[in-house]
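Coordinates in review
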Amino acid sequence: MRISEYGPSCKQYSSALKMSGNATVAQRLHIGLQQLEAISSSTRAFLGPNKRLKFIQDEDAGDAVLVGTCPRLLEHMELDGSIGQLLHETVRAQQKVFHSGTGALMFLAGVWSRVALECLNRGISVSDIKTAMSKGLEVCLEACKQSAVSVQEVSCERLKEHKPSPALKSELQDLHNLRLTTLKHSRHFSSHDAQAENTKPALNDVTGIAEAISHGCQASMRLVLKACKLQSKTKAQNRFLDIQKLVTCSIPGPSEEHSHVLHGYVTLLSVEQASVVQRLQGQALNIALVNGDLCEKYRHVGFNRPANVMHITDRANMPSVSLEERWIENALKILHEFSIGVVLVSGVVDVKLKERCSSVLVIEGVKSTVLKDFSTCTGAVPVSYITQLDRRCVGRGVKVSRCGENESVSIATASTSLVTAVITSSVPAKLQILEDEFWSCAHRLHQALTDGKLLRGAGATELLCIHQLQQYKRRETENPQENVVLELMAEAWMDYISTLMLNSGSVASKAEAWTAVAHQMRLYKDGEPILQAFRDTDGVGVYDNVTVKTEAWRRALDLVFLVLQSDTEIITGVSEGEHVYNKLMYL
């Protein structure tokens, strides 16, 4: 299946890949670095708050999908080569942990590949390139460490320079009141604590932090704040946001303004299941949890089917009933015996079994974190097979209810802190983008509260990196080539900032952006503070997560080094006894 992209960067990617491939084959240059640069250039539109969406079309089937992030783009591109696959795995690793930072990762992988290629063209050895670029990254990371500001400072600054919108102000007041109520009912609370609470408004102002890291996704961040409030109401917790207790449910049809959060686990229903929910509403139900597929042929991981086993019987006239039918009859009998009203299954469910469950709500594809939460709140014990179910494994106290006019159901207990963000859109193709936005906002807020620190965004941190690299170049060094590499890295940061400014709409061209960056650097040398390259949509500054940003930088440079080494091995050959290659990474 060949997938072609429709967007401003697609033609650039295709032509660049063709040109770099032909030139490299002819000249035996570093084809891997050129391919990495070409593929990364296709995602420049995803850098910054104003991402330009792209359509990916399957030429064979005629299907099309709308994407707005680097991971989704790479998922739908045909990446047959090893470089594309390495890049995809690197981006997936970043996305799996942080759900953000992939745009910066891919951009830096591209521009740093160009830096390495330029160094090779100037005759700098692979070993010197790696040493100098590693040192350059260390300088940048040290600049991040020194310039990081606490979330309390960010919150106070946010309150000084901007009054929250009515919606966000309401969220702030609710969170503030909730926090104070929790403290007042604590036996450790005193008047001194109340005074400290009032003198540190940042401790309560999760909203201010959320605004600072929303990155243009204010609607999604408001959903995250509502989820925070709902989680805090259901249990006294030290942190405001528990990612493990968050799930999403996408519903096509209603407009985006109808997106909301609900207590419990919300999922879509089929027409048949809707009638089951209608009968079960308002009752305290028993629940069973199945960790795996709910079907006759399912076997747990590691199961070894015994060999040379024959099944015999002493009954001459056995009815012609299949194993599947007998298994379904047995499963229904077990569910009826223990009065099970709800079954949550992590895998898939046998279609025939689901059709015959007229009084049991069976939900498939449930995340393991959801099963764990219901196990804790109801006392249910997850089983691998329905035949393992006994009275000790049954949970109690579950209630189900229909959610508005939509074909969806809410499954909850009184003590659960599970919260579902119901994401709606009248454009079905946008649902995945909106869901990705929500998770990105949730993880950014969670990471900010975990780190306790933030970095100035909108290019301010990268401007500081340029300054630090230029300062570091002025020292005396035994290897003059190191300064050449550091200068090229500074130019790569200039390209990054100028692209951010161009995508944000603060400048009309790259040339104007470069001029603005150069002017800002001159002001900084004269003692002026570094300003952000652009402001958020509400006119105030933006911030980035410390860990997310630094990990994206490290992954990008590690990927460039890996491709650089692979190219070198292919072109020249590597022997473990050769001294010149003794510093390369071995796969």
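Please refer to the structure higher up on the page.
All of these numbers come straight from a predicted model, not from anything done at the bench.

1. Here we look at the overall build of the protein
On a plain count of helices and strands, the protein comes out with 20 helices and 15 strands. Classification of the 587 residues of the protein by burial places 49% in the buried group. Across the protein, the fraction of contacts at a sequence separation of at least 24, relative to all contacts at a separation of at least 6, is 76%. Within the structure as shown, the protein displays about 28,700 Å² of accessible surface, and the carbon and sulfur contribution to it stands at 52%.

2. Some thoughts on the sheet that holds strand β13 (residues 419–425)
Strand order across the open sheet formed by 3 strands is β5-β13-β6, with mixed pairing between neighbours. Two strands bound the open sheet, and with one partner strand each, they are β5 (246–252) and β6 (260–263). Here the strands of the sheet are splayed against their neighbours by 30° on average, with no regard to which way each runs. Judged from the 7 bridges that link them, β5 and β13 form a sheet pairing that is parallel.

3. Structural notes on the pattern of salt bridges
In the structure shown here, the tally under the stated rule is 21 salt bridges. The partner of E364 in a salt bridge is K354, with the nearest N and O atoms 3.2 Å apart. Taken together, the residues span a long stretch of sequence, with E364 in the loop between β10 (361–363) and α15 (368–378) and K354 in helix α14 (residues 351–356) at a distance of 10 residues.

4. Examining the nonpolar core
If you look at the biggest cluster of nonpolar residues, it comprises 68 residues, and the most contacted ones within it are W112, M133, W493, Y496 and W553. Counting 33 residues, the second-largest nonpolar core is a separate cluster that includes V206, M221, L431 and F438.

5. Focus: the sheet that holds strand β15 (residues 543–545)
Taken together, the 3 strands give an open sheet; going across it, the order is β4-β14-β15, and neighbouring strands pair in antiparallel fashion. Looking at which strands have only one partner, the edges of the open sheet turn out to be β4 (149–150) and β15. Direction of pairing for strand β14 (residues 453–456) relative to β15: antiparallel, over a ladder of 3 bridges. By the bridge assignment, L454 is partnered in β15 with N545. Packed on one face of the sheet, helix α20 (residues 546–572) meets β14 and β15 and runs near 70° to β15.

6. Details of helix α12 (residues 271–280)
Within the span of α12, buried status applies to Q273, A274, V276, V277 and L280. Considered in projection along α12, the buried side chains sweep an arc of 160° and stay on one side of the axis. With respect to the buried face of α12, the exposed residues turned more than 90 degrees away are V271 and E272. Of the residues one or two after α12, G282 is the one with positive phi, at around 80°.

7. Concerning the pairing of β14
The sheet contact formed by β4 and β14 spans 2 bridges and is antiparallel. Within the sheet, the bridge partner assigned to S150 lies in β14 and is K453.

8. Brief notes about the packing of aromatic side chains
With the rule as written, the count across this model stands at 6 aromatic pairs. Here Y298 and Y385 contribute two aromatic rings whose centre-to-centre distance is 5.8 Å and whose plane-to-plane angle is 50°, an arrangement assigned as tilted. Of this pair, Y298 sits in the loop between β8 (285–290) and α13 (323–337) while Y385 sits in the loop between α15 and β11 (395–402), and the two are 87 residues apart along the sequence. A relative accessible area of 17% means that Y298 is categorised as buried. Relative to Y496, the ring of W493 lies with its centre 5.9 Å away and its plane at 85°, an arrangement referred to as edge-to-face. Taken together, the residues W493 and Y496, both in helix α18 (residues 481–504) and 3 residues apart, mark about one turn of the helix.

9. Remarks on helix α2 (residues 31–41)
With 8 of 11 residues buried, α2 lies mostly within the body of the structure. Regarding α2, the residues found buried are G32, L33, Q34, L36, A38, I39, S40 and S41.

10. Describing the packing of helix α6 (residues 126–147) against helix α17 (residues 460–473)
Direction vectors running N to C along α6 and α17 enclose 125°, while the axes themselves pass 9 Å from each other. The angle between α6 and α17 places the two elements in the oblique class. Handedness of the crossing formed by α6 with α17: right-handed. In this structure, α6 uses K135, G136, V139, C140, A143, C144 and S147 to contact α17, whose residues at the interface are T461, L464, C465, Q468, L469 and Y472. Among the residues forming the contact of α6 with α17, the class breakdown is 8 nonpolar, 4 polar and 1 charged.

11. Let's talk about unusual backbone geometry
The residue H215 is not glycine, and still its phi comes out positive at about 55°. Positionally, H215 belongs in the loop between α10 (206–212) and α11 (218–234). Of note, the phi angle at S339 is positive, near 50°, even though the residue is not glycine. The topology assignment puts S339 in the loop between α13 and β9 (340–345).

12. What about the state of the cysteines?
Enumeration according to the criterion identifies 0 disulfides in this entry. With no disulfide partner, C465 has as its closest neighbouring cysteine sulfur the one in C140, 3.8 Å distant.

13. Observations regarding the side chain of T90
Here T90 is to be found in helix α4 (residues 82–98). The buried category is assigned to T90, whose relative accessible area is 15%.

14. A closer look at the environment of V261
Within the secondary structure layout, V261 lies in strand β6. For V261, a relative accessible area of 15% translates into the label buried. Along the sequence, V261 and A227 sit 34 residues apart, while their C-alpha atoms lie 6.2 Å from each other.

15. Comments concerning the environment of Q468
By secondary structure assignment, the location of Q468 is in helix α17. Look at Q468 and you get partly exposed, because its relative accessible area is 24%. The sequence separation of Q468 and E142 amounts to 326 residues, and the corresponding C-alpha distance is 9.2 Å. Those residues within four positions of Q468 in sequence are excluded, and the remaining contacts are V139 and A143.

16. Structural notes on the pairing of strand β12 (residues 408–412)
Among the 5 residues that make up β12, 5 are buried, leaving the element largely enclosed by the rest of the structure. Across the two faces of β12 the burial is the same, with S408, S410 and A412 and V409 and I411 all buried. Pairing between strand β7 (residues 265–268) and β12: 4 bridges, direction antiparallel. Paired with L268 across the strands is S408, a residue of β12. Connecting β11 to the next strand, β12, in antiparallel fashion are 5 residues, including G404 with a positive phi near 60°.

What counts, and at which threshold
Residues numbered from 1 in each chain as written. Predicted model: local features only at pLDDT ≥ 70, side-chain atom pairs only at ≥ 80, totals over all residues. Heavy atoms only, no water. Helix = DSSP H or I, 4+ residues; strand = E, 2+ residues; numbered from the N terminus. Buried < 20%, exposed > 50% of the residue type's maximum accessible area, 1.4 Å probe, protein only. Contact = heavy atoms within 4.5 Å. Areas by Shrake-Rupley, 256 points an atom, 1.4 Å probe, with all protein chains shown as cover. Pairing = 2+ DSSP bridges. Axes fitted to C-alpha atoms, helices over the stretch in contact; angles between N-to-C directions. Salt bridge = Lys/Arg side-chain N within 4 Å of Asp/Glu carboxyl O. Core = buried A, V, L, I, M, F, W, Y, C linked by side-chain atoms within 4.5 Å. Arc of directions from axis to C-beta. Phe/Tyr/Trp six-rings, centres within 6.5 Å; stacked < 30°, edge-to-face > 60°. Parallel < 35°, antiparallel > 145°, perpendicular 65-115°, else oblique. Left-handed = near helix turned anticlockwise from the far one by under 90°. Nonpolar A, V, L, I, M, F, W, Y, C, P; charged D, E, K, R; others polar. Disulfide = S-S within 2.5 Å.

Without other data, these values stay purely geometric and don't point to any function.
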